[in-house]
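These are the residues of each chain, in order.
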Amino acid sequence: MIEKNIKSPMAMTLLLMVVAYVFSVVCRLWYVYWASDYSYFFWNDSLMINTNDGYAFAEGARDMLAGFHQPNDLSFWDFSLSTLTYWIVKYTSIKIETVMIYLSVAMSSLVVIPVILIGKVCGELRAGFIGALLASVANSYYNRTMAGYYDTDMLIIVVCMFILWGLIRLHYKNNISSMLIAAVFMAIHSWWYTSSFPINLAIIVMFFIYTIISDRKNLINYQTIFMMLIATTTFGFEYKIILIALMGLIYRFMDKKLAIFISSGVVAVAIFGIFGDGQFKKFISSLQFYMFRNTSDGMVMAGNLHYFNVNQTIMEAGNLISNLSLFIDRISGNVVVFAISVIGYILLCFKKRIFLITMPMVGLGMIALTSGLRFTIYAVCMMAFGFGYFMSFIAAKITSKHQIQIVIMTLAGAFALISPLMHIYDYRVSTVFNNNEVSVLDRLKSVANREDYVISWWDYGYAIRYYSDVKTLIDGGKHSGKDNFAVSYALLYPQNASAKMAALEVEYTEKSYKDKFDNNLMEILKDNNKTIGDVNNFLSILGNYDVLIPQKTRDIFYFLPFRMMEIFPVVAQFSRLDLLDGKDFSNNLFVVSSSYAQEGKQIILKFDTMPDVIFNINDGSINIGNQHYYINKFIQTAYDDKRNLHVNTYEIDPKSGLYLVFMSSYAKWILMDENMFNSTYIQLFVLENYDKNLFEPIILDPIAKVYKLKR
Ligand code: MN
């Protein structure tokens, strides 16, 4: 069996890796098995993915397979995950949808290898094995690497753990191969994940501090740092590998010469200085994104205008201090395992000081407390290893009998796995879109050209581009306040204003790629001889204003899904504000109820965010608490057997600013104010009341509607 302090045979290590890998894969297949019962999760005979961002890489891979894409279509052409997918599809003929579902399963499970290898090299193979099992399924790691979570997360932690294995191995073996492992995996990390620089730099700094404190006479440590510095730069991947290999050769054969050592150091630092600069700049801007998002009033400035900051609407960027138990569960599954893991990790760092270099990973996981739950996955592996180490340590204290130690560790491991396995069993997420939405996008693909634009909210941008092969204004990566402003305006304002904004934004967006300006609205104002001070007035009269619109270069479509209803108030925040001072124009009223009951001549509507509303059928009035209001219009919509929409309107009080719509086929009630009622989204999607001079219906499916802008 697994013997402590005895050099474990390679066969045993391999066996444990295979067992842990299979365990991790099988756990991830449960979701596929569960999802297979739902036909609306399927498209083209394949389960669809469950992460929005995945469609960006899918678009990139699709374009690489086709061999072309359009200028400025924002395709993730040549990105790491797109490239990997392209290789797999091209050389194995596995279809792209299959890769999108299973690649995360195959890749993320590889994490068991470096964790077990770390255990092996420090004489704690069984701690490594338990750590590997736990790490591979711990909640946050699972959530971000499950089947269908087609994103770069699938390899980030794996590669980081290989870097740490290289450095820990270097400590024990002091050899060139360990240096190469650390540096090459750092280069891979740098290629794979565009935001890898901070963590790479932190590992280098930590390793340097460790070297200064406890291993300062060991030249090989500095040589490894030189190699790693090169690995982090923006220098091309293949050049980095060649340089690193060259340095390895030099160190192998000319190790003793001080001049070689110094000159290689100078070269490495120089390359880092020149090609690391861009990395620093990106690092600073992402710091601003995650750390300083709460310091301002939530506005971002662009071209002297105040825009709403999208960070405030992104859940994963929210902080976890208020939800400590979620933080703990995401790292270790439950609080007992977490506590043992922390103690085990601290003990490990005391007993084997080289493990101090893993602190950046744990520290980055802790950043989740203030900067968003996406970071917890970084702490998962070392915490899991800490758990395994503590159990191994305790087992050895309790008894010297190996069989009993194994029993203790098996029980502890089984206990630790209970919470994560229960989490996996319950974690049943939906696909990004269901198949009838995708079928609308697929039909749009046959209507629209690749250069045409589709206007929709950024949440759907990547998927629209993947399924319809078109361009979009905003997506999961391009969604700053100024980018979202125009789309929000087009969805929120009346049709005449919407049509002009859509045409302006599309043509100025294309123009901006050529003329290199950065704020479309500022440019539009300038071309219309307006100043910044005119901006609010300009936007309010745009619908009837004879604005200068560049010559039409392409068609524009609106993609209006039913699912946008639930986020419509969020969409509104981006354009219903004073751009000069960032203040809201007014609180919009837009509430949707899907829970209602009829009692005699009254209908009671329940809302999540406000008290019950009682609708009196007799006179078309509503009661909210003690208040009594008349509404302007009550409208009931319904689809017939042929899926044609019928709209019945009851005019009640023309002076009222309240509107009530019952979408009977969806079982939804909407109570809203006049601005929201007149918005293009409500008029086009809910009522199909389109201005025939401005819009042409293309697809009118109850799940999503597509209109073409007449220009
Ligand atoms: Mn394209």
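Just so it is clear, the model here is predicted, and its values are computed rather than measured. (Residues numbered from 1 in each chain as written. Predicted model: local features only at pLDDT ≥ 70, side-chain atom pairs only at ≥ 80, totals over all residues. Heavy atoms only, no water.)

Colleague: Quick one: what's the story with the overall build of the protein, residue by residue and with numbers?
Modeller: Across its full length, the protein carries 29 helices and 19 strands. Its C-alpha radius of gyration of 29 Å places the protein within 12% of the 27 Å reference for a compact globule of 711 residues. Dimensions of the protein along its principal axes, counting C-alpha atoms only, are 85 × 60 × 50 Å. Counting the 711 residues in the protein, one finds 57% classified as buried. Across the protein, the fraction of contacts at a sequence separation of at least 24, relative to all contacts at a separation of at least 6, is 67%. Total accessible area computed for the protein in this model is approximately 29,900 Å², and 59% of it derives from carbon and sulfur atoms. Side-chain charges of the protein comprise 58 positive and 56 negative groups, with the mean position of each set lying 12 Å from the other. (Helix = DSSP H or I, 4+ residues; strand = E, 2+ residues; numbered from the N terminus. Rg over C-alpha atoms; globule rule 2.2 N^0.38 Å. Buried < 20%, exposed > 50% of the residue type's maximum accessible area, 1.4 Å probe, protein only. Contact = heavy atoms within 4.5 Å. Areas by Shrake-Rupley, 256 points an atom, 1.4 Å probe, with all protein chains shown as cover. Lys, Arg positive; Asp, Glu negative; His and termini not counted. Charge placed at Lys NZ, Arg CZ, Asp CG, Glu CD.)

Colleague: Could you give an account of helix 15 (residues 324-332), naming the residues involved and the relevant values?
Modeller: For helix 15, every residue scored as buried is listed here: Phe327, Ile328, Arg330, Ile331 and Ser332. Here the buried residues of helix 15 occupy an arc of 165° about the axis, which is enough to place them on one side. Residues of helix 15 that are buried in the fold lie against helix 7 (139-143), helix 16 (335-351), helix 17 (359-366), helix 18 (368-371) and helix 19 (377-398). Looking one or two places after helix 15, you find Gly333, whose phi comes out positive at around 95°. (Arc of directions from axis to C-beta.)

Colleague: Break down helix 9 (residues 176-192) for me, citing the residues and quoting the values.
Modeller: With 17 residues, helix 9 should cover 24 Å at 1.5 Å per step; its first-to-last C-alpha distance of 24 Å lies within 8% of that length. Residues Ile176, Ser178, Met179, Ile181, Ala182, Ala183, Met186, Ala187, His189, Ser190 and Trp192 constitute the buried set of helix 9. (Expected span 1.5 Å × (residues − 1).)

Colleague: Describe the side chain of Arg144, with residues and values.
Modeller: With respect to the helices, strands and loops of the structure, Arg144 is situated in the loop between helix 7 and helix 8 (153-173). Here Arg144 falls in the buried class, since its relative accessible area comes to 7%. Of note is the side chain of Arg144, whose polar atom sits 2.8 Å from the side chain of Asp153. (Polar contact = N/O pair within 3.5 Å; in protein donor to acceptor, adjacent residues only side chain to side chain.)

Colleague: An account of the nonpolar core is needed here, citing residue identities and associated values.
Modeller: Tyr55, Tyr150, Met161, Phe355, Tyr378 and Trp457 are the most contacted members of the largest nonpolar core, which has 230 residues in total. Of all hydrophobic cores here, the second largest spans 16 residues; its members include Val613, Phe615, Ile631 and Leu658. (Core = buried A, V, L, I, M, F, W, Y, C linked by side-chain atoms within 4.5 Å.)

Colleague: Can you explain the packing of helix 5 (residues 112-121) against helix 8? Please cite residues and give values.
Modeller: At a minimum axis distance of 8 Å, the contact between helix 5 and helix 8 shows a crossing angle of 15°. As summarised for this structure, helix 5 and helix 8 are arranged roughly parallel, according to the angle between their axes. Along this stretch, helix 5 crosses helix 8, giving a crossing that reads as left-handed. Between helix 5 and helix 8, the residues in contact are Ile113, Pro114, Val115, Leu117, Ile118 and Val121 and Val158, Met161, Phe162, Leu164, Trp165, Ile168, Arg169, Tyr172 and Lys173, respectively. (Axes fitted to C-alpha atoms, helices over the stretch in contact; angles between N-to-C directions. Parallel < 35°, antiparallel > 145°, perpendicular 65-115°, else oblique. Left-handed = near helix turned anticlockwise from the far one by under 90°.)

Colleague: Account for the sheet that holds strand 10 (residues 602-606), naming residues and giving values.
Modeller: Ordered by their spatial adjacency, five strands build an open sheet running 9-10-11-12-13, and the pairing between neighbours is antiparallel. The sheet is open, and its two borders are formed by strand 9 (595-599) and strand 13 (627-630), each paired with just one other strand. Shown here is a sheet whose adjacent strand axes are inclined to one another by a mean of 20°, direction ignored. As defined by bridge partners, strand 11 (residues 613-616) adjoins strand 12 (residues 621-624) across four bridges and the pair is classed as antiparallel. Across the sheet, residue Phe615 finds its bridge partner in strand 12, namely Ile622. (Pairing = 2+ DSSP bridges.)

Colleague: Before we move on, can you summarise the packing of aromatic side chains with the specific residues and values?
Modeller: Centre distance and the angle of the planes are the two values used to describe a pair of aromatic rings. Counted under the stated rule, the structure contains 54 aromatic pairs. What links up through ring pairs into an aromatic cluster is the set Phe562, Phe568, Phe590, Tyr639, Tyr666, Tyr681 and Phe685. (Phe/Tyr/Trp six-rings, centres within 6.5 Å; stacked < 30°, edge-to-face > 60°.)

Colleague: Describe the side chain of Asp452, listing the residues and the values that go with them.
Modeller: With respect to the secondary-structure elements, Asp452 resides in the loop between helix 21 (435-447) and strand 5 (453-455). A distance of 3.1 Å separates a polar side-chain atom of Asp452 from the backbone nitrogen of Asp555.

Colleague: Go over the coordination of the manganese ion with me, naming the residues and quoting the values.
Modeller: For a metal bound by four donors in a tetrahedral arrangement, the ideal donor-metal-donor angle is 109.5 degrees, while six donors in an octahedral arrangement ideally sit at 90 or 180 degrees. Every protein donor of the manganese ion is accounted for by Gln70 (OE1) and Asp73 (OD), and the metal-donor separations fall at 2.2 Å. By relative accessible area, Asp73 is classed as buried at 3%. (Donors = N, O, S within 2.8 Å, 3.2 Å for Na, K, Ca; no water.)

Colleague: Break down a nonpolar patch on the surface for me, with residues and values.
Modeller: Taken together, the side chains of Val205, Phe208, Ile209, Ile212 and Ile213 define a hydrophobic patch exposed on the protein surface, amounting to about 420 Å² of accessible area. Within the fold, Ile212 resides in helix 10 (residues 197-214). Residue Ile212 is classed as partly exposed on the basis of its relative accessible area, which comes to 35%. (Patch = residues over 30% accessible without salt bridge, like charges linked within 9 Å, V, L, I, M, F, W, Y side chains within 5 Å. Salt bridge = Lys/Arg side-chain N within 4 Å of Asp/Glu carboxyl O.)

Colleague: Give me the environment of Lys95: which residues, what numbers.
Modeller: Position of Lys95 among the secondary structure elements: in the loop between helix 3 (80-92) and helix 4 (96-108). Along the backbone, Lys95 and Thr85 are ten residues apart, and their C-alpha atoms lie at a distance of 9.8 Å. The contacts of Lys95, once residues within four sequence positions are left out, are Asn44, Asp45, Ser46 and Val89. A polar side-chain atom of Lys95 sits 3.2 Å from a polar atom in the side chain of Ser46.

Colleague: Quick one: what's the story with the sheet that holds strand 8 (residues 590-593), residue by residue and with numbers?
Modeller: Judged by pairing direction, the sheet is mixed, and its five strands sit side by side in the order 8-17-16-14-15 without closing on themselves. Because the sheet does not close on itself, it has two edges, and the strands there are strand 8 and strand 15 (645-651). Shown here is a sheet whose adjacent strand axes are inclined to one another by a mean of 15°, direction ignored.

Colleague: Pulling in residues and values, what's your account of the pattern of salt bridges?
Modeller: Two side chains that carry opposite charge are able to pair once their charged atoms sit near each other. As enumerated under the stated definition, the model contains 24 salt bridges in all. Here Lys482 ties to Asp483 by a salt bridge, and the two come within 3.8 Å at their closest N and O atoms. Its relative accessible area of 21% is what places Lys482 among the partly exposed residues. Here Lys552 ties to Asp555 by a salt bridge, and the two come within 2.9 Å at their closest N and O atoms.

Colleague: Can you lay out the packing of helix 4 against helix 8 for me, pointing to particular residues and giving the numbers?
Modeller: Two elements in contact, helix 4 and helix 8, have axes separated by 8 Å at closest approach and are oriented at 10°. Taken as axis vectors, helix 4 and helix 8 run roughly parallel relative to one another. Across the interface between the two elements, Leu103, Ser104, Met107 and Ser108 of helix 4 pack against Met154, Leu155 and Val158 of helix 8. Counted by class, the contact of helix 4 with helix 8 contains five nonpolar, two polar and no charged residues. (Nonpolar A, V, L, I, M, F, W, Y, C, P; charged D, E, K, R; others polar.)

Colleague: Give me unusual backbone geometry: which residues, what numbers.
Modeller: Look at Asp45: it is not a glycine, yet its phi comes out positive at around 65°. Of note, Asp45 is situated in the loop between strand 1 (42-43) and strand 2 (46-47). We classify Asp45 as exposed; its relative accessible area is 73%. Within the chain, Ser93 stands out as a residue other than glycine whose phi angle is a positive 60°.

Colleague: Just give me the short version of the environment of Phe79, but keep the residues and values in it.
Modeller: Here Phe79 lies in the loop between helix 2 (54-66) and helix 3. Taking relative accessible area as the criterion, Phe79 reaches 33% and is therefore assigned partly exposed. It is 9.1 Å that separates the C-alpha atoms of Phe79 and Tyr193, two residues lying 114 residues apart in sequence.

Colleague: Requested: an account of the environment of Tyr307, with residues and values cited.
Modeller: Among the secondary structure elements, Tyr307 is positioned in strand 4 (residues 305-308). Looking at Tyr307, the relative accessible area reads 1%, which means it is buried. Here Asn519 takes part through its side chain, which lies 3.5 Å from a polar atom of the side chain of Tyr307.

Colleague: Help me get a handle on the pairing of strand 9, residues and values and all.
Modeller: Here strand 9 pairs with strand 10 via five bridges, running antiparallel. Along strand 10, the bridge assignment pairs Gln598 with Ile603. Hairpin connection, strand 9 to strand 10: the antiparallel pair is bridged by two residues, and Gly600 has positive phi, about 60°.

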